[in-house]
Amino acid sequence: AISVVVEAKQFGARPEYLPSRLVGYGVFWILIISTVIIALRVVGLDLGSSIVARLQELVPRIVTAAAVVLLGIPLALAVSRIADALLLHSGVRPSRVRFQGINALLVGFTALIALEQLGLAAQLAMALVITVVAAGALAAALALGLGGRDLARDLIVEYLRASDQGTHDRRA
């Protein structure tokens, strides 16, 4: 966030969210939620203990997911640069699409790991895998159907000729 402020000042633009404003929003909402909890306790609804128990269960997961994202994305970007450099040294032509694809794959994998830490990725990952497999099967079927139409016709004709010759040989 600080680098965004520095870059914005270099270009003469004003940043949309200053770090002090973000901290102010956080303190504001913590005070609002604390006030609501205290008001509910005065009324007779003691939600504080259940909220604290739930936060004790949830905060470590959130911290771990944030650490995975904060460490994983730069690591994924570094690994994609290393992979691109290795491919370049092995004689493969450089390609921006391949580089961006490797980036997207590794960052997406990092996001899935972070979601798994939060306990949200089981259903999401299954739905994602099913969607990707179905899309791949559809793409392969279309490619084979449209691109191999002549080959498929030739294979069927040869099969029918061979089967006709086999029935003629059996009759004789």
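Our subject is the structure that appears above.
Nothing here was measured: the structure is a model prediction, and the numbers come from that model.

Q: In this structure, what is going on with the overall build of the protein? I would like to understand it.
A: Broken down by element type, the protein carries 6 helices and 0 strands. Helices (α) and strands (β) of the protein occur, in sequence order from the N terminus, as α-α-α-α-α-α. Buried residues in the protein amount to 8% of all 172 residues. For the protein, the computed accessible surface area is about 13,900 Å², with 71% contributed by carbon and sulfur atoms.

Q: I tried to follow a nonpolar patch on the surface on my own but got confused; where do I start?
A: Taken together, the side chains of Leu22, Tyr25, Phe28, Trp29, Ile32 and Val36 make up a nonpolar region of the molecular surface, amounting to roughly 580 Å² of accessible area. Position of Phe28 among the secondary structure elements: in helix 2 (residues 19–43).

Q: Teacher, can you tell me more about helix 2 here?
A: Every α-helix winds through 3.6 residues per turn, so residues three or four apart in the chain are directed the same way. Taking 1.5 Å of rise per residue, the 25 residues of helix 2 would be expected to cover 36 Å, and the 37 Å separating its terminal C-alpha atoms lies within 8% of that figure. Of the residues flanking the end of helix 2, it is Gly44, one or two places downstream, whose phi is positive at about 120°.

Q: How should I be thinking about the packing of aromatic side chains in this particular structure?
A: This model, assessed by the stated rule, comprises 1 aromatic pair. Measuring from ring centre to ring centre gives 5.2 Å for Phe28 and Trp29, while their planes differ by 80°; the resulting arrangement is edge-to-face.

Q: I'm lost on the side chain of Ser80 in this one. Help?
A: With respect to the helices, strands and loops of the structure, Ser80 is situated in helix 3 (residues 48–89). Owing to a relative accessible area of 0%, Ser80 belongs among the buried residues under this scheme. There is a polar contact of 2.7 Å between the side chain of Ser80 and the backbone oxygen of Leu77. Apart from residues lying up to four places away in sequence, Ser80 is in contact with Phe99, Ile102, Asn103 and Leu106.

Q: I would appreciate a short explanation of the environment of Val79 in the present structure.
A: Inspection of the secondary structure puts Val79 in helix 3. When its relative accessible area of 39% is taken as the criterion, Val79 is described as partly exposed. For the pair Val79 and Asn103, spaced 24 residues apart in sequence, the C-alpha separation works out to 8.5 Å.

Q: Would you explain the pattern of salt bridges in this entry?
A: For side chains bearing opposite charge, pairing can occur when the charged atoms are close. Tallied over the full model, the rule gives 5 salt bridges. Among the salt bridges present, the one from Arg54 reaches Glu57, with a minimum N-O distance of 2.8 Å. Note that Arg54 and Glu57 are positioned in helix 3 at a spacing of 3 residues, about one turn of the helix. Residue classification places Arg54 among the partly exposed residues on the basis of a relative accessible area of 46%. Among the ionic pairs, Arg98 bridges to Asp84, the shortest N-O distance being 3.3 Å.

Q: Even after reading the chapter, I still don't get the side chain of Asp84, so can you show me in this structure?
A: The topology assignment puts Asp84 in helix 3. Of the polar contacts made by the side chain of Asp84, one reaches the side chain of Arg98; its length is 3.3 Å. In contact with Asp84, not counting residues within four places along its chain, are Arg98 and Phe99.

Definitions and limits used
Residues numbered from 1 in each chain as written. Predicted model: local features only at pLDDT ≥ 70, side-chain atom pairs only at ≥ 80, totals over all residues. Heavy atoms only, no water. Helix = DSSP H or I, 4+ residues; strand = E, 2+ residues; numbered from the N terminus. Buried < 20%, exposed > 50% of the residue type's maximum accessible area, 1.4 Å probe, protein only. Areas by Shrake-Rupley, 256 points an atom, 1.4 Å probe, with all protein chains shown as cover. Patch = residues over 30% accessible without salt bridge, like charges linked within 9 Å, V, L, I, M, F, W, Y side chains within 5 Å. Salt bridge = Lys/Arg side-chain N within 4 Å of Asp/Glu carboxyl O. Expected span 1.5 Å × (residues − 1). Phe/Tyr/Trp six-rings, centres within 6.5 Å; stacked < 30°, edge-to-face > 60°. Polar contact = N/O pair within 3.5 Å; in protein donor to acceptor, adjacent residues only side chain to side chain. Contact = heavy atoms within 4.5 Å.

Everything listed here is a matter of geometry and, on its own, says nothing about what the molecule does.
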